[in-house]
Amino acid sequence: MTRIQTKSGQPLVYNTTVPVLANEEEAAFECDVSGNLKVTLATTLDDVNDSITVYPKCSFANISASAQIKASAGQIYGVIVNSMSSGTLKLWDNTAGSGTILCNTITFAATDRFISLFGATFGTGLYATVGGTADLTILYR
């Protein structure tokens, strides 16, 4: 264990291994060699609640007709095909069904249940044009 001090002279603890605590046992915040608070990839600060969460942030929209999904930049993770009959989907990087095409026309197969879009990014907004008959859930952020 290496001890570092802040400008006020208070010691900070730098551990090269994670301590194992018993029930109700207290521990100091862990810092790196520069005195910065250690944060792992498993934690993130929730923008709304100012609390630490460990789940991916994702919103959803259930649609059966063309609609604006989001009016600002973001990411699209995928499409859940709830039901369809000769349905199609076209995604736009816009707040309307025009401009930059994010994903050209997808024609659903009978076996399609989830179409992954791997967190594709859009800069203006997300608009979905639905053709035929389809009940879809769009996963986005």
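Some words on the overall build of the protein chain
Looking only at helices and strands, the protein chain has 0 helices and 10 strands in total. Residue burial in the protein chain is summarised as follows: out of 141 residues, 28% are buried. Of the contacts formed within the protein chain by residues at least 6 apart in sequence, a portion of 66% connects residues at least 24 apart. Just so you have it, the protein chain exposes about 9,300 Å², and 54% of that area is on carbon and sulfur atoms.

Side note on the nonpolar core
Counting residues in hydrophobic clusters, the biggest one holds 21 residues, and the most contacted among them are Ile-69, Leu-89, Leu-91, Phe-108, Leu-126, Leu-136 and Ile-138. If you list the elements that add at least two residues to this core, you get β5 (59-63), β7 (74-93), β8 (100-107), β9 (114-122) and β10 (126-140). At 7 residues, β10 tops the list of elements feeding residues into this core. Residue contacts for Leu-136: discarding those within four places in its chain leaves Ala-61, Asn-62, Ile-63, Val-79, Ile-80, Val-81, Asn-82, Leu-89, Phe-108 and Val-130.

Here we look at the side chain of Asp-93
As for its placement among the helices and strands, Asp-93 is situated in strand β7. Within the buried core, Asp-93 has no salt-bridge partner, and the shortest N-O distance to an opposite charge, that of Lys-70, equals 10 Å. A polar contact is formed between the side chain of Asp-93 and the backbone nitrogen of Gly-123, at a distance of 3.0 Å. Of note is the side chain of Asp-93, whose polar atom sits 2.8 Å from the backbone nitrogen of Thr-124. Each residue touching Asp-93, except ones within four places of it in the same chain, is listed here: Thr-100, Leu-102, Phe-122, Gly-123, Thr-124 and Gly-125.

Digging into the confidence of the model for the protein chain
Looking at the protein chain as a whole, its pLDDT mean stands at 80, while 62% of the residues score no less than 70. Within the protein chain, the element-level pLDDT minimum falls on strand β1 (residues 2-5), averaging 53, and the maximum on strand β6 (residues 67-70), averaging 97.

Remarks on the environment of Thr-107
Following the sequence through the fold, Thr-107 ends up in strand β8. Look past the residues within four positions of Thr-107 in its chain and what remains in contact with it is Gly-87, Thr-88 and Asp-112.

Observations concerning the environment of Ser-59
Locating Ser-59 in the fold gives a position in strand β5. Overall, the relative accessible area of 34% leaves Ser-59 in the partly exposed class. On a C-alpha basis, the gap between Ser-59 and Tyr-77 in space is 9.7 Å, while along the polypeptide they are 18 residues apart. Look past the residues within four positions of Ser-59 in its chain and what remains in contact with it is Ile-138, Leu-139 and Tyr-140.

Reading the values: the criteria
Residues numbered from 1 in each chain as written. Predicted model: local features only at pLDDT ≥ 70, side-chain atom pairs only at ≥ 80, totals over all residues. Heavy atoms only, no water. Helix = DSSP H or I, 4+ residues; strand = E, 2+ residues; numbered from the N terminus. Buried < 20%, exposed > 50% of the residue type's maximum accessible area, 1.4 Å probe, protein only. Contact = heavy atoms within 4.5 Å. Areas by Shrake-Rupley, 256 points an atom, 1.4 Å probe, with all protein chains shown as cover. Core = buried A, V, L, I, M, F, W, Y, C linked by side-chain atoms within 4.5 Å. Lys, Arg positive; Asp, Glu negative; His and termini not counted. Salt bridge = Lys/Arg side-chain N within 4 Å of Asp/Glu carboxyl O. Polar contact = N/O pair within 3.5 Å; in protein donor to acceptor, adjacent residues only side chain to side chain. pLDDT = per-residue confidence, 0-100.

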